[in-house]
Amino acid sequence: MTAARELSLDDIEALAVGAWILGTGGGGSPYLGLLNMRRLYAEGHRVALMPPDALDDDDWVAAVSNMGAPLVGQERLTDSRTIARAVALMEEHRGVAFRAVMALEIGGGNSIQPLMAAAHLNKPVVDADMMGRAYPEAQMTSVAVGDLRPYPLTTVDCRGLESIVDKVPSWKWMERVSRKICVEYGSIASTCKAPRSGREVKDWAIHGTTTKAIAIGHAVREAQARHSDPVAAILSVEPGKVLFRGKVVDVDRRTTEGFLRGMARVAGIDDDRGSGVVLDFQNEWIVAWRDGEPAATSPDLICVLDSVAGEAVGTETIRYGQRVTVIALPPPPVFATEKGLRHVGPRAFGYDIDYRPVFG
């Protein structure tokens, strides 16, 4: 069993970079969360990262995330006390004491949410999440694939609004009900998901994802410091594949029903000149169409990177004229199963196409 280790501020800076890449365009920009963590560390707070196998089977773990449209998350400043309150509200509702906090998804700003809660609540963060990336809906998690209980859920926002979804019959009902609440909150809210036991985390969570994000972030930052290729640096620590290099020539996005939806069109440059890619998104990049044919789909991770800096480009920040490199990373195995694909494959997003993995 590995002991918990204290995260340095340098680790957290790297986490913000790496998790933004793993977020596949979603999970929210980590920038505001990172500013919170810089302030909390300046005030003397510290956060420890613990491995899942350090949990006892009967420990309780709080899974946290922001819910809503990434574009709105840019407009409403992040307050670290809000996510801590969502955890405390769940403890009050369930009458339990959480042993630790973990991320619902490792993607983007949602990788920072458990750190902010942990700093206020003096609890460790588990090195795991339930997506291995970011996904937009409640049923798109490893614990949903495992048919674990979807309720209860607490929802909090910075104006003092607090809601509890006490019971629902299914994960899709949890998505429908909680999304309605989130829309009424202004399409952004802090949430604590159904408490997970230590046994459930060990059996169904996706392990090591915080460490993975930190390693990716360190690779990018070191490449930037050396003025070497940061995209190549990512592929040196992750088994990914370059799909396309180009220039963004069109973006269409809209916030509807608590999601950011739309597409981005990229014209090829260099070896990809004369070709084009269209990237469809629902908070995250879902399908990459190359010249009208699907080149990559969920659950493969479609990551859009700034070609010079190697940092992620989010669905809410992509803009005309950006030079980008589109890469694919392999998904967690749980989502590539027949059951997993029913939750996160192309048809789960309304596309009548088969999943053809980039990595055979």
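Above: the structure in question.
Below, the structure is looked at part by part.

How each quantity is defined
Residues numbered from 1 in each chain as written. Predicted model: local features only at pLDDT ≥ 70, side-chain atom pairs only at ≥ 80, totals over all residues. Heavy atoms only, no water. Helix = DSSP H or I, 4+ residues; strand = E, 2+ residues; numbered from the N terminus. Phe/Tyr/Trp six-rings, centres within 6.5 Å; stacked < 30°, edge-to-face > 60°. Lys NZ or Arg CZ within 6 Å of the ring centre and 35° of its normal. Buried < 20%, exposed > 50% of the residue type's maximum accessible area, 1.4 Å probe, protein only. Arc of directions from axis to C-beta. Contact = heavy atoms within 4.5 Å. Polar contact = N/O pair within 3.5 Å; in protein donor to acceptor, adjacent residues only side chain to side chain. Pairing = 2+ DSSP bridges. Axes fitted to C-alpha atoms, helices over the stretch in contact; angles between N-to-C directions. Core = buried A, V, L, I, M, F, W, Y, C linked by side-chain atoms within 4.5 Å.

1. Some remarks on unusual backbone geometry
Step number 1: Of the consecutive residues Tyr151 and Pro152, the connecting peptide bond is found in the cis state with omega at 0 degrees.
Step number 2: On the secondary structure map, Pro152 appears in the loop between α6 (142-145) and β7 (153-156).
Step number 3: Even without a glycine there, the phi angle at His227 is positive, about 60 degrees.
Step number 4: Its place among the elements puts His227 in the loop between α9 (209-226) and α10 (230-237).

2. Things to note about the packing of aromatic side chains
Step number 1: This model, assessed by the stated rule, comprises four aromatic pairs.
Step number 2: Chaining the aromatic ring pairs together yields one cluster made of Tyr135, Phe335 and Phe349.
Step number 3: Lying over the aromatic face of Trp60, Arg94 brings its terminal NZ or CZ to 5.4 Å of the ring centre.
Step number 4: Between Arg133 and the ring centre of Tyr135, over which it is positioned, the NZ or CZ distance is 4.0 Å.

3. Here we look at α10
Step number 1: The complete set of buried residues in α10 reads Pro230, Val231, Ala233 and Ile234. Buried residues along α10 cover an arc of 160 degrees about the axis, so they all sit on one side.
Step number 2: The secondary structure elements touched by the buried residues of α10 are α1 (9-22), α9, β12 (241-256), β17 (301-306) and β18 (323-329).
Step number 3: If you check the start of α10, you find a side-chain oxygen 2.9 Å away from the backbone N of Val231, and it comes from Asp229.

4. Describing the sheet that holds β18
Step number 1: Spatial ordering of the open sheet is given by β16-β15-β14-β13-β12-β18-β17, a layout of seven strands whose pairing is antiparallel. A strand with exactly one partner marks an edge of an open sheet, and here the two such strands are β16 (293-297) and β17. This sheet shows a mean twist of 35 degrees between the axes of neighbouring strands, independent of strand direction.

5. Some words on the nonpolar core
Note on soluble globular proteins: their nonpolar side chains tend to be buried together.
Step number 1: Counting 48 residues, the largest nonpolar core has Ile21, Met37 and Val47 as the members making the most contacts within it.
Step number 2: Ranked by residue count, the leading element in this core is α1, at nine residues.
Step number 3: Apart from the residues lying within four places of it in its own chain, the contact partners of Val47 are Arg5, Glu6, Leu7, Met37, Tyr41, Leu115, Ala118, Ala119 and Val125.
Step number 4: Met50, Tyr135, Ile286 and Val287 belong to the second-largest nonpolar core, a separate cluster that totals 38 residues.

Taken by themselves, the reported measurements are silent on function.
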